[in-house]
Amino acid sequence: AYMEKAKQETNRQVQQAYFEQSLRSLLRARELNPLNTDHTANMARLYRTWGEKEPDAQLRQERLHTALRGYEEATELSPHNAQLFNEWGLVYFMLGDLPSAQAKYNQSLALDEEFVQTYLLIGDIYWTQKDWPNVISTYEKAVALSPKFVQGWSALGYAYSQIDELEQAIDANSHVLEYILQQCDARRL
């Protein structure tokens, strides 16, 4: 809860106080139950978020590297948790180490090749490189696994537009509109 409050906080001093309180709480939780993966994973998430919000480049790097160590520990405790490998890869992505990010995402896929989020993250790597054919094929896998995956269809539509495949871009975006309208109708009921 403190970490979530820190994400929302705009006052830097208050934000730091929330991060520090979150760290104290997580250290105590891990002290009480060191084998609970959640405590270690939440520590890694804390440092990832703290690093993400850190304006000082050196502190940002330090916090993100601490997050990497946290995810390593968390995956030792829970080696079959695809989500943790995705989060670990995301930290590498944030650090600009795309090969290491890809390696973690590949580990995630080895655990669960139907985890849609992993395809989205892999697509982000290709997106960064403006490798549109691979972006497209990756997001196509995501929407094949989850046909109502609005974020995947939207990204796919944009990627098609980048290679002037406008018919396919329109088709992908029509899926976005269709599924959003379905969600709106469902909420009205």
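The coordinates are above.
Residues numbered from 1 in each chain as written. Predicted model: local features only at pLDDT ≥ 70, side-chain atom pairs only at ≥ 80, totals over all residues. Heavy atoms only, no water.

The next point concerns the overall build of the protein. A tally of regular secondary structure across the protein gives ten helices and zero strands. When the helices and strands of the protein are read in sequence order from the N terminus, they spell out α-α-α-α-α-α-α-α-α-α. Relative to its full complement of 189 residues, the protein shows a buried share of 41%. In the protein, the share of contacts with a sequence separation of at least 24, taken over all contacts with a separation of at least 6, comes to 46%. Positive and negative side-chain charges in the protein, numbering 18 and 26 respectively, have mean positions lying 9 Å apart. (Helix = DSSP H or I, 4+ residues; strand = E, 2+ residues; numbered from the N terminus. Buried < 20%, exposed > 50% of the residue type's maximum accessible area, 1.4 Å probe, protein only. Contact = heavy atoms within 4.5 Å. Lys, Arg positive; Asp, Glu negative; His and termini not counted. Charge placed at Lys NZ, Arg CZ, Asp CG, Glu CD.)

Where helix α3 (residues 37-53) contacts helix α5 (residues 82-94), the two axes come as close as 11 Å, and the packing angle between them is 20°. The angle between α3 and α5 places the two elements in the roughly parallel class. Crossing handedness for the pair α3 and α5: left-handed. Here Thr37, Ala41, Arg45, Arg48 and Glu52 of α3 come into contact with α5, specifically with Leu84, Glu87, Leu90, Val91 and Met94. Class assignment of the residues belonging to the contact of α3 with α5 gives a composition of five nonpolar, one polar and four charged. (Axes fitted to C-alpha atoms, helices over the stretch in contact; angles between N-to-C directions. Parallel < 35°, antiparallel > 145°, perpendicular 65-115°, else oblique. Left-handed = near helix turned anticlockwise from the far one by under 90°. Nonpolar A, V, L, I, M, F, W, Y, C, P; charged D, E, K, R; others polar.)

Moving on: the nonpolar core. Leu46, Tyr71, Trp153 and Leu156 are the most contacted members of the largest nonpolar core, which has 50 residues in total. It is helix α7 (residues 116-128) that provides the largest number of residues to this core, a total of seven residues. When sequence neighbours within four positions are dropped, the list of residues in contact with Leu156 reads Ile136, Tyr139, Glu140, Val143 and Ala172. (Core = buried A, V, L, I, M, F, W, Y, C linked by side-chain atoms within 4.5 Å.)

The subject of this paragraph is the packing of aromatic side chains. Counted according to the given criterion, the structure contains eight aromatic pairs. Consider the rings of Trp127 and Tyr158, whose centres lie 5.1 Å apart with planes at 15°: the pair is stacked. Of the two residues, Trp127 sits in helix α7 while Tyr158 sits in helix α9 (residues 150-162), which places them 31 residues apart along the sequence. Feature note: the residues Trp127, Trp132, Tyr139 and Tyr158 constitute an aromatic cluster, connected by ring pairs. The ring centre of Trp50 lies 4.2 Å from the NZ or CZ of Arg63, which sits over that ring. When the ring centre of Trp88 is taken as origin, the NZ or CZ atom of Lys104, which lies over that ring, is 3.6 Å away. (Phe/Tyr/Trp six-rings, centres within 6.5 Å; stacked < 30°, edge-to-face > 60°. Lys NZ or Arg CZ within 6 Å of the ring centre and 35° of its normal.)

Taken as a whole, this structure holds seven salt bridges when the rule is applied. For Glu31, the salt bridge is made with Arg28, and the minimal N-O distance between the two is 2.6 Å. A residue pair is termed a helical-turn pair when its members lie 3 or 4 positions apart in one helix, as Glu31 and Arg28 do in helix α2 (residues 12-32) at three residues. On the accessibility criterion, Arg28 (42% relative accessible area) is partly exposed. Among the ionic pairs, Arg45 bridges to Glu87, the shortest N-O distance being 2.7 Å. Pair noted here: Arg45 is in helix α3 and Glu87 is in helix α5, with a separation of 42 residues, a long-range link. Taken together, the shared-partner salt bridges connect Arg12, Glu54 and Arg63 into one network. (Salt bridge = Lys/Arg side-chain N within 4 Å of Asp/Glu carboxyl O.)

This part is about α7. With 13 residues, α7 ought to run about 18 Å at 1.5 Å a step, and its terminal C-alpha atoms sit 19 Å apart, in line with that. Every buried residue of α7 is listed here: Val116, Thr118, Tyr119, Leu120, Leu121, Ile122, Gly123, Ile125 and Tyr126. At its buried positions, α7 is contacted by α5, α6 (98-111), α8 (132-145) and α9. Just beyond α7, the residue with positive phi is Lys130, at close to 55°. (Expected span 1.5 Å × (residues − 1).)

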